[in-house]
Structures are given as C-alpha cells and as structure tokens.
Amino acid sequence: MARPSKRRRENVPAGRSVPSRTPGSTRTASSTPSRYRTQRVQVPRPWWQSPWAWGSAVIVVVLAVVVVFIVLGLQPAAKSSGSSSSSNQLAPASVLAAVTGVSPSVSSTVGAGGVADPLEAISGSPAALTGSSGKPEVFYLGAEFCPYCAAERWSVVIALSRFGTFTNLHITTSDSNPGDFPNTHTFTFYGSSYSSPYLDFAPIETNDRNDNPLQTPSAAEGTLASTYDTSPYSSSAGGIPFQDYGNRYIVSGSGVNPELLQGMTWQQIAVTLTDTSSKVAQPIIGDANWLTAGICKLTGDQPTSVCSAAPIASLEGQIASS
Amino acid sequence: MSSSPRSGKLPPVPVEEPPDDLSDGAARGAGAGAWFLIGAAVVGLGIATYLTTLHYAGVSPICTTNGFVNCGSVLKSTYSVVPGTSIPVTVPGMIWFIVSGALAVVSIRCARRGIEEPEWLRPAHLIWCLLGLVSVLYFVFAELVKLHELCEWCTGVHILVFLSLLVTIARVQPARVSSRGL
C-alpha cells in the first residue's frame, strides 16, 4: 500500500502546488485514506467538563451566599452593649494624631472660634458627679445616628485628649437621613475606653447609625438625663447630645454646626485642624476650648500645662459660676 | 462490511481540520470571551475611577441617597476605605480591572500573532477573578448585613466581576474537540 504522502503527491499536476487549506475547512474521510491520520470528532464529555457545569455551580453558590446575607441582614441587630464596635473601623492613626495633637498655637489663635459659652451652670449644690475612682466625671449621652452628636464629638475628643488618652476609638458616620445632615463623619465612643489621671469619662451611645440599640444608660445616668436634659439647661428636653460635667455644668446640643462637615471625610476634617482660618476648624477647636475650660473647673486647673495655656485660662474666667 | 481501520476504507464522515502548527489553545483563539473581559474591564475601570475621583473631591456621586438603595451612604461608610487606611476601596478596584483587562489583552495579542498563549494565562485570570469574587462577597456582606443599604454603582461593579468570573471559567474548559486515532 502506497504511503499517503506519495499518493497525495501523485494527484497534484506537475508544476502545481497543493492548495493550502483554510483554517476550519472540512473534508471527507475519503480524502484521507491513511489509517495513521487522526480526525477530530465530537466526543461526549464527563459532566464536570461541561462548559456549564462549573459556571452553574458558581452561580448557585453565589446566589446561596447572597440569600444568606439577605437573611442575616433582616435579623435584628445585636442588643448587647459589648466592648467593641462591630461595624465601625478603628480611627485611622492620621486622624487620631490630628485631633489629639491640636497645636497650642492654633488653639490660642482660634480662641473661642466664634462659639458661645456652651456650659450651663447647674443651680443649687447637687452632689458632684464622680467616677468609680472618685475623680470628677464627664457623662456623655448621644447616639451614632445623630448628626449633632457627630459634630460635637470632634470637640469632645479634642478636649478630653488634653487630659487623658482614648483607646479603641472608632470612626462612624451619622445616619443617611437626607433632611438632617446625612452621613456626618465622626467618631463613636461605643467600644472605646478613656484613661486620665484627672477625670473619668462615661459615654453612652444609645443607638448605632441605623438606629439599632447599642447601649442603655444606667439608672443613675438616666436620672441625670431626666433631671438636667431639660429646661432651663436644655432648650429641647431629652435631646442629644447631652453632657454633664461633674454635675456642675451641662452642655446641651452641639457647638459645631454639622452642616459645616457635610461632604467631608474624617481625613479632610482632620486636616483642617491645623488651619486657624478654616471655617471648620474654628468652631471645632473653639468648642473644644470651652469644654477644656469646663473640665479645668472640675480638676482644679490640673494639669497646669493645659489649664494655664491660652486661651483656656481666659475662657475659664468667662464661664458662669455654678 | 467491516468498519475496521485495517480495511483501509472509511465512511465519508465530516471531520474538522486539525491545526497545522498551532497548539490547541492558540488554535481556538482568544474568542469573544477575551473581548468581553476587556469590555468589562473598561467599564469597571471607568466606574471605579469615577468613584475614586469623587471620593478625593469630597463630592457625592450621582446616585440614590435615600432608602435601601443608598449609594451616597454606602460610599461614605467605614467600608468604603481599605481597613486601617484612608484609601478608598475603589483604588484596589481600579487595579483589579486593569489587571483583568491586561490579561485579556495578552490573550488577544497571542491569538492575533498566531502564537500560543502562555499556559498560565487563563488559570491566572480565573484565580484573579476568584479573588475578585471574594472581595465582592465581602462588600455585599457589608452592604446587606452591616449597612442595610445597597449602592447601585457598587452593584454594577460586582456584576461585572461576577460575569468576568463566569467567562474565565468557560475559557479554562478543555477544547470541545478531541483527537482520536482512526
């Protein structure tokens, strides 16, 4: 039997070449007489080699995972007042550095920053509010969804950082209600801790940004709120944020207009704190200076490095006596 | 009549022309799948670039800002930045689409030059898409479980990643035609 190559060559007229085949062309087996050639034929595949097998499996798995997420999302939020914030990130180091390290010269230049004295002296002589260590206590009542709390926290963190140290401080945003300064970038005191040789800080964030319950005030804290979060100390009874400075001063509402922070990230807000001409930095630092002066009243002007510095000493003298 | 190959006669069965000098991978070419991957990468890169620009400009995107579908809220949430940094997650998203598109371009260039694709190309693209899917599931988890809000821009990107994964799965399947000695 002749070799295929010979037989093929015999079919080509002298002087002519074999026409080149175009890719994808077909021919009949009768033109390939050799049993040594191979041909391509459709063969059944195992199911796992089907083009649709793995793709279908991925689709099913992804859909199942999304359904699980939807079910989890419909579950009510955890109501425990645990020590960590599950849905908020730790504050970035750059932001923390900015709020805990406001320059004394910037603070002095800003002064009150156009903010009126937010400290309302408590009349009478109620028992001093102290923490478990016997130090004067600052009580804060707010909620993560609240844009006014969001704006005020910037000043509170700056002020308290002059007397002690926050750890595990997280960032969050207020709720997304478009009619009420949505998504104001801020910190949350939920899950944080604070230590100071001069005072104790007792924050309560009642709800997260989605209005799910987070923390519940103790009976004593509830009494503080019901007693002082009302006229004449507060223009809106039961409003937040509410702060009690050692039962000597009440701070109701925010000294910072949350509208100023709209559209700004934490980093963008933090960066302004070095700019004395910033319309954002002025009220934040000014309000923080007032709060600092109020704390100095509680600590007996300790530490002197804080309480004797400008403009704190001057502002302290302007606070109405209790 | 016997159909034994030894008979030297074969029935006139249509057969496909075997490739002359190309491997199987190159012979099947890059195909529509590669072009789809490039298209998805271009669209995804456009969305990610748009959202990244808005992030640094401090401007809200064009999207719904109320109710369950609330792009503005999601893009300002703590999940909108790479954990522990201030880098918006859209930046890694941009990188993902650039790499995905580049892998598809390599496939098409190989096909056009008539050279064999690197063996690692399609499996690498599949692994890249699986990584993308893991990220997508994380963000969907954040939206549905943590934030209870959905971002339409993000969802568009998620769908592009998912479709890219399906295409890369199809592209790593063995060739449909097998060789069999006659």
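Residues numbered from 1 in each chain as written. Chains lettered and ligands numbered in written order. Predicted model: local features only at pLDDT ≥ 70, side-chain atom pairs only at ≥ 80, totals over all residues.

### Observations concerning the overall build of chain A
A tally of regular secondary structure across chain A gives ten helices and eleven strands. For chain A, buried positions account for 40% of its 322 residues. Summarising the internal contacts of chain A: among those between residues at least 6 apart in sequence, 73% fall at separations of at least 24. (Helix = DSSP H or I, 4+ residues; strand = E, 2+ residues; numbered from the N terminus. Buried ≥ 20, exposed ≤ 12 C-beta atoms within 10 Å, placed from the backbone. Contact = placed C-beta atoms within 7 Å.)

### Concerning the nonpolar core
Among the nonpolar cores identified, the biggest contains 69 residues, and Trp154, Val157, Ile158, Ile284, Ile285 and Ile295 of chain A are the most heavily contacted of them. Judged by nonpolar contacts, the second largest core, of 35 residues, contains Ala34, Ala104, Leu147 and Val167 of chain B. (Core = buried A, V, L, I, M, F, W, Y, C linked by C-beta atoms within 7 Å.)

### Points about the pairing of strand S6 (residues 170-173) of chain A
Residues and elements named next belong to chain A. Every second residue of S6 is oriented toward a common face, with His170 and Thr172 on one face and Ile171 and Thr173 on the other, all of them buried. Sheet topology note: the S6/strand S7 (residues 185-188) ladder contains four bridges and is antiparallel. Looking at the pairing, threonine 173 lines up with histidine 185 of S7. (Pairing = 2+ DSSP bridges.)

### Regarding unusual backbone geometry
Residue and element names in this part refer to chain A. Look at the link from isoleucine 240 to proline 241: it is a cis peptide, with omega at 5°. By secondary structure assignment, the location of proline 241 is in the loop between helix H6 (219-228) and strand S10 (242-245). That bond from alanine 310 to proline 311 is cis: its omega, 5°, falls within 30 degrees of zero. With respect to the helices and strands, the residue proline 311 is situated in the loop between helix H9 (304-307) and helix H10 (312-318).

### Some words on the sheet that holds strand S3 (residues 119-121) of chain A
Residues and elements named next belong to chain A. Read across the sheet, five strands follow the order S3-S11-S10-S4-S9 without closing on themselves; strand pairing throughout is mixed. A single partner strand is all that each edge strand has here, and the edge strands are S3 and strand S9 (200-205). On average, adjacent strands in this sheet sit at an angle of 20° to one another, irrespective of strand direction. (Axes fitted to C-alpha atoms, helices over the stretch in contact; angles between N-to-C directions.)

### Remarks on the confidence of the model for chain B
Residue and element names in this part refer to chain B. When pLDDT is averaged along chain B, the result is 78; 70% of the residues meet or exceed 70. Ranking the elements of chain B by mean pLDDT puts strand S2 (residues 177-181) last, at 39, and helix H4 (residues 90-113) first, at 95. Below a pLDDT of 50 lies the segment residues 1-28, which in the model reaches 47 contacts outside its immediate sequence neighbourhood of four places, other chains included. The ipTM, which scores confidence in the relative placement of chains, is 0.74 for this predicted complex, and the corresponding pTM is 0.51. (pLDDT = per-residue confidence, 0-100.)

### Observations regarding the environment of glutamate 143 of chain B
All names here are of chain B. Looking at the element boundaries, glutamate 143 is found in helix H5 (residues 121-147). Residues glutamate 143 and threonine 155, twelve residues apart in the sequence, show an inter-C-alpha distance of 9.9 Å. Other than its neighbours up to four places away in sequence, glutamate 143 contacts Val74, Glu149, Leu150 and Cys151.

### Some thoughts on the pairing of S10 of chain A
Residue and element names in this part refer to chain A. The two faces of S10 match: Phe242 and Asp244 on one face and Gln243 and Tyr245 on the other face are all buried. Pairing of strand S4 (residues 137-142) with S10, which is carried by four bridges, proceeds in the antiparallel orientation. Bridging from a neighbouring strand, tyrosine 140 pairs with glutamine 243 of S10. With four bridges connecting them, S10 and strand S11 (residues 249-252) associate as antiparallel partners. Counterpart to aspartate 244 in the pairing with S11 is isoleucine 250. The hairpin turn running from S10 into S11, its antiparallel successor, is three residues long, and glycine 246 in that turn takes a positive phi close to 60°.

### Details of helix H8 (residues 281-299) of chain A
Its 19 residues give H8 of chain A an end-to-end C-alpha distance of 26 Å, which sits within 8% of 27 Å, the value for a rise of 1.5 Å per residue. Along H8 of chain A, 18 of the 19 residues are buried, which leaves the element largely enclosed by surrounding structure. (Expected span 1.5 Å × (residues − 1).)

### Thoughts on the environment of valine 82 of chain B
Within the element layout of this structure, valine 82 of chain B appears in the loop between helix H3 (71-75) and H4. Residue contacts for valine 82 of chain B: discarding those within four places in its chain leaves Ile87, Val89 and Pro92 of chain B.

### Considering the packing of helix H5 (residues 147-161) of chain A against H8 of chain A
Residues and elements named next belong to chain A. At their nearest, the axes of H5 and H8 sit 8 Å apart, and the two run at 50° to each other. Considered as vectors, H5 and H8 are oriented oblique to each other. Of the two possible hands of crossing, H5 and H8 adopt the one that is right-handed. Contacts between H5 and H8 involve Trp154, Ser155, Val156, Ile158 and Ala159 from the first element and Ile284, Ile285, Asp287, Ala288, Leu291, Thr292 and Ile295 from the second. In terms of residue class, the contact of H5 with H8 is built from nine nonpolar, two polar and one charged. (Parallel < 35°, antiparallel > 145°, perpendicular 65-115°, else oblique. Left-handed = near helix turned anticlockwise from the far one by under 90°. Nonpolar A, V, L, I, M, F, W, Y, C, P; charged D, E, K, R; others polar.)

### Focus: the confidence of the model for chain A
Residue and element names in this part refer to chain A. A residue-level look at chain A finds 80% of positions with pLDDT of 70 or above and a mean pLDDT of 82. Across residues 1-34 the pLDDT falls below 50, and counting only partners more than four positions away or on other chains, this stretch makes 26 contacts in the model. The model gives residues 77-86 a pLDDT under 50, and that stretch makes twelve contacts with residues more than four places away or in other chains.

### Concerning H6 of chain A
All names here are of chain A. Those residues of H6 lying buried are Leu224, Ala225 and Tyr228. One side of H6 holds all its buried residues, which, seen down the axis, span an arc of 95°. Away from the buried face of H6 by more than 90 degrees, exposed residues Ala219, Thr223 and Ser226 are located. Buried positions along H6 lie against S4, S10 and S11. (Arc of directions from axis to C-beta.)

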